[in-house]
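# Inside the fold
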Amino acid sequence: MPKFMDVHHGMTGITPEALKAAHQADLDIQGDEGVDFQKAWGDPESGTVWCVSEAPSAEAVQRIHERTGHPAVEIYPVPVEV
């Protein structure tokens, strides 16, 4: 299944607890779109959050993020990994 890295902006001050809650919200409904969210990282200072997932498409990733209230600004395919 394809892998994707998505980027969120505007999450300045995000705490580990808030990031965990946002990630859990995605996990709770990811199966609806066949997405497997694997990891999330955040930078409270810049307000940037990154997520890695496996999904049938970037659109499937975005639909889950939109439903949980934090749409991605950018979604990149990750075709090569070491």
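Each chain carries its own residue numbering, running from 1 in the written order of its sequence. Owing to the predicted nature of the model, reporting of local features is limited to residues with pLDDT of at least 70; listing and counting of side-chain atom pairs is limited to 80 or more, with chain, interface and lining totals taken over all residues. Side-chain metrics rest on all non-hydrogen atoms present in the structure, leaving aside hydrogens and water.

### Focus: the pattern of salt bridges
Our working definition: What makes a salt bridge here is a side-chain nitrogen of Lys or Arg within 4 Å of a carboxyl oxygen of Asp or Glu, nothing more. Only DSSP runs of H or I with at least four residues qualify as helices, and only runs of E with at least two residues qualify as strands; both kinds are numbered from the N terminus onward. The rule is simple: take the accessible area with a 1.4 Å probe, protein chains only, and divide by the maximum for that residue type; under 20% is buried, over 50% is exposed, in between is partly exposed.
This model, assessed by the stated rule, comprises three salt bridges. Linking E81 and K3 is a salt bridge whose minimum nitrogen-to-oxygen distance equals 3.2 Å. Residue E81 is found in the segment after strand 4 (74-77), and its partner K3 is found in strand 1 (residues 3-8); the two are separated by 78 residues along the sequence. Among the residues examined, K3 registers a relative accessible area of 16% and is labelled buried. Where R67 meets D32, a salt bridge forms, and the shortest distance between an N and an O atom there is 3.0 Å. With a gap of 35 residues between them, R67 in helix 2 (residues 58-67) and D32 in the loop between helix 1 (16-29) and strand 2 (36-43) connect regions that are remote in the sequence. D32 carries the same exposure label as R67, and that label is exposed.

### Focus: the sheet that holds strand 3 (residues 48-54)
As a reminder of what qualifies: Two strands form a pair only when DSSP identifies at least two bridges running between them. Axis lines are fitted through C-alpha atoms, for helices just across the contact stretch, and the angle between N-to-C directions can take any value from 0 to 180 degrees.
Pairing in this open sheet of four strands is antiparallel, and the strands run 2-3-1-4 from one edge to the other. Of all the strands in the sheet, just strand 2 and strand 4 have a single pairing partner and so form its edges. Across the sheet, the mean angle from the axis of one strand to that of its neighbour is 20 degrees, orientation sign disregarded. Pairing of strand 2 with strand 3, which is carried by seven bridges, proceeds in the antiparallel orientation.

### Focus on helix 2
The test is simple: Only heavy atoms enter the contact rule, under which two residues are in contact if any of them lie within 4.5 Å.
Of the residues making up helix 2, those classed as buried are A60, V61, Q62, I64 and H65. Where the residues of helix 2 are buried, they touch strand 1, helix 1, strand 2, strand 3 and strand 4. Immediately downstream of helix 2, the backbone of G69 shows phi near 90 degrees, a positive value.

### A word on the nonpolar core
Our working rule: We define a nonpolar core as any set of buried Ala, Val, Leu, Ile, Met, Phe, Trp, Tyr and Cys residues linked to one another through side-chain atoms lying within 4.5 Å.
F4, I29, V35, F37, A55, A60, V61 and I64 together form the largest nonpolar core, which totals eight residues. Looking at this core, the element that brings in the most residues is helix 2, giving three residues. Beyond its immediate stretch of four places on either side in the chain, F37 contacts D6, H23, D26, L27, Q30, V52, S53, V61, I64 and H65. Core analysis: the second largest hydrophobic core is formed by six residues, M11, I14, A40 and V49 among them.

Bear in mind that shape data such as this cannot, by itself, settle questions of function.
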